[in-house]
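Architecture at a glance
Now for the letters of each chain:
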Amino acid sequence: MLINSKGEDVGVEPLQRLVAEPMSRRIWSQLEASHWIADGRNDAPRVVYAFSDPNCPYCNRFWKAARPWVDAGKVQLRHVMVGVIRADSAAKAASMLTASSPSEALERNERSFATGGIEPAATVPDQVRAKLDSNAELMRELEFQGTPGILFRDEKGIVQKRAGMPSAEDMAIVLGPR
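Description of the structure in this document. These numbers come from a predicted model, not from an experiment. (Residues numbered from 1 in each chain as written. Predicted model: local features only at pLDDT ≥ 70, side-chain atom pairs only at ≥ 80, totals over all residues. Heavy atoms only, no water.)

1. A short note on the overall build of the chain
Within the chain, the secondary structure is distributed over 6 helices and 5 strands. Start at the N end of the chain and walk to the C end: the helices and strands fall as α-β-β-α-β-α-α-α-β-β-α. Over its C-alpha atoms, taken along the principal directions, the chain stretches across nearly 65 × 35 × 25 Å. Counting every position in the chain, which comprises 178 residues, the buried fraction comes to 43%. For the chain, the share of sequence-separated contacts (at least 6 apart) that also reach a separation of at least 24 residues comes to 72%. Accessible surface, the chain: about 9,600 Å² in total, of which carbon and sulfur atoms supply 51%. (Helix = DSSP H or I, 4+ residues; strand = E, 2+ residues; numbered from the N terminus. Buried < 20%, exposed > 50% of the residue type's maximum accessible area, 1.4 Å probe, protein only. Contact = heavy atoms within 4.5 Å. Areas by Shrake-Rupley, 256 points an atom, 1.4 Å probe, with all protein chains shown as cover.)

Here's what the structure looks like:
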């Protein structure tokens, strides 16, 4: 901290300008370039990225809890797919990523989660495996150890992170006003 004679922290603004803003731009660019599935309108005013595994019960709970924002057109969730929880996670993610409509496949998985979710692909094509590996590497780089790993921009445009299912009170911070 850098304190002036009045006891005010004068280092926050320069630190944000010199470190937080460039780092946020870099992280956001990496997320945009990752391999994700859109959930919600393309013109939604807020975008939220979530590292998601098809077998993750907390990802499913987050998907359900976000429905009011997504269905109202206020948020587009971008599910950065990884296959880390179970042996068939990558094959389920492959089913979604290679579907004619990945968004519809994601929705099928989430709506039928309690009964096993989407049918896994028979094999995971090499190009899909490379996408999943790239997403998993980004997840590790951003220091998430599990799913969902959620990223969003705050009112100042700074990328914020949440590990795991946000609390009910935190949902309005992550997804914005309802």
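Still more to cover.
2. As for the packing of helix α3 (residues 89-97) against helix α5 (residues 126-141)
Viewed as axis vectors pointing N to C, α3 and α5 meet at an angle of 110 degrees, and their least axial separation amounts to 10 Å. By the angle between their axes, α3 is roughly perpendicular relative to α5. In this structure, α3 uses Ala90, Ala93, Ala94 and Leu97 to contact α5, whose residues at the interface are Val128, Arg129 and Leu132. Looking at the contact of α3 with α5 residue by residue, the classes come out as 6 nonpolar, no polar and 1 charged. (Axes fitted to C-alpha atoms, helices over the stretch in contact; angles between N-to-C directions. Parallel < 35°, antiparallel > 145°, perpendicular 65-115°, else oblique. Nonpolar A, V, L, I, M, F, W, Y, C, P; charged D, E, K, R; others polar.)

3. Regarding α3
Across the 9 residues that make up α3, a large majority, 9, are buried. Inspection of α3 places Ser89, Ala90, Ala91, Lys92, Ala93, Ala94, Ser95, Met96 and Leu97 among the buried residues, and these make up the whole buried set. Structurally, α3 contributes buried residues whose contacts are with β1 (36-39), β3 (75-81), α4 (102-111) and α5.

4. Observations regarding the sheet that holds β1
Taken together, the 5 strands give an open sheet; going across it, the order is β1-β3-β2-β4-β5, and neighbouring strands pair in mixed fashion. Every interior strand has two partners, whereas the edge strands, β1 and β5 (159-163), have only one. Put simply, the sheet's adjacent strands are angled 20 degrees from each other on average, direction ignored. Here strand β2 (residues 46-52) runs beside β3; their pairing, made up of 7 bridges, is parallel. Each bridged residue has a counterpart across the sheet, and for Phe51 the counterpart in β3 is Val80. Contacts from helix α2 (residues 57-71) reach β1, β2, β3 and β4 (149-153) within the one sheet, and its direction differs from that of β3 by about 160 degrees. (Pairing = 2+ DSSP bridges.)

Just distances and angles here, no functional claims.
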